[in-house]
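Reading the structure
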Amino acid sequence: MKDKIRRILDLIRAGRLTLDDAAPLLAALHTRLALQITDRELLAALLNREELTTDQIAEQLMLLRGVPDAPNAAQSPRPPQPPRPPYPRSRPSLRAARRS
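Residues numbered from 1 in each chain as written. Predicted model: local features only at pLDDT ≥ 70, side-chain atom pairs only at ≥ 80, totals over all residues. Heavy atoms only, no water.

Quick word on the overall build of the protein chain
Each helix and strand counted, the protein chain has five helices and zero strands in total. Helices (α) and strands (β) of the protein chain occur, in sequence order from the N terminus, as α-α-α-α-α. A burial count over the protein chain gives 25% of its 100 residues as buried. Restricting to contacts in the protein chain with at least 6 residues of sequence separation, those with at least 24 account for 62%. Carbon together with sulfur atoms contributes 53% to the accessible area of the protein chain, which is approximately 8000 Å² in total. (Helix = DSSP H or I, 4+ residues; strand = E, 2+ residues; numbered from the N terminus. Buried < 20%, exposed > 50% of the residue type's maximum accessible area, 1.4 Å probe, protein only. Contact = heavy atoms within 4.5 Å. Areas by Shrake-Rupley, 256 points an atom, 1.4 Å probe, with all protein chains shown as cover.)

Focus on the packing of helix α3 (residues 37-48) against helix α4 (residues 54-65)
As a packed pair, α3 and α4 sit with axes 10 Å apart at the nearest point and diverge in direction by 155 degrees. The angle between α3 and α4 places the two elements in the roughly antiparallel class. Here α3 runs over α4; the crossing is right-handed. For the pair α3 and α4, the contacting residues are D39, L42, L43, L46 and L47 in the first and T54, I57, L64 and R65 in the second. (Axes fitted to C-alpha atoms, helices over the stretch in contact; angles between N-to-C directions. Parallel < 35°, antiparallel > 145°, perpendicular 65-115°, else oblique. Left-handed = near helix turned anticlockwise from the far one by under 90°.)

Observations concerning the nonpolar core
Side chains that are nonpolar tend, in soluble globular proteins, to be buried together. Counting residues in each nonpolar core, the largest one holds 19 residues, and the members touching the most others are I5, L9, I12, L26, L43 and I57. Of all elements in the fold, only α1 (2-13), α2 (19-29), α3 and α4 reach the threshold of two or more residues within this core. With near-sequence residues (within four places) excluded, L9 lies in contact with L43, L47, T54, I57 and A58. (Core = buried A, V, L, I, M, F, W, Y, C linked by side-chain atoms within 4.5 Å.)

Side note on the confidence of the model for the protein chain
Looking at the protein chain, pLDDT values average 81 and 75% of them are 70 or higher. Model confidence for the protein chain, summarised as mean pLDDT per element, is weakest for helix α5 (residues 92-99) at 59 and strongest for α1 at 93. (pLDDT = per-residue confidence, 0-100.)

Let's talk about α4
Taking 1.5 Å as the rise per residue, α4 with twelve residues should run 16 Å; its terminal C-alpha atoms sit 16 Å apart, in good agreement. Packed against the buried residues of α4 are α1 and α3. Following α4 by one or two positions, G66 has its phi on the positive side, about 75 degrees. (Expected span 1.5 Å × (residues − 1).)

Dropping the structure here:
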């Protein structure tokens, strides 16, 4: 996710994409990345700072918006489950005894 955001930010910084054009792309990546006007102003200010890399800006954007950097961000991780014990099978002699 962070790599995709960084690529979009690189395009903005290179002048090949505007923030207005990038907003729907970011929103398509994650609903929390839908940019409001104030978000666009902040992002523009960060992109104008030459000492910040687009990787750093992407990380800041993800932290500010609460977007996890995971492939399946929409799903919450499940804790590992212990293995189930094998199903106890009854002995043939017990089955025969029950039938009679």
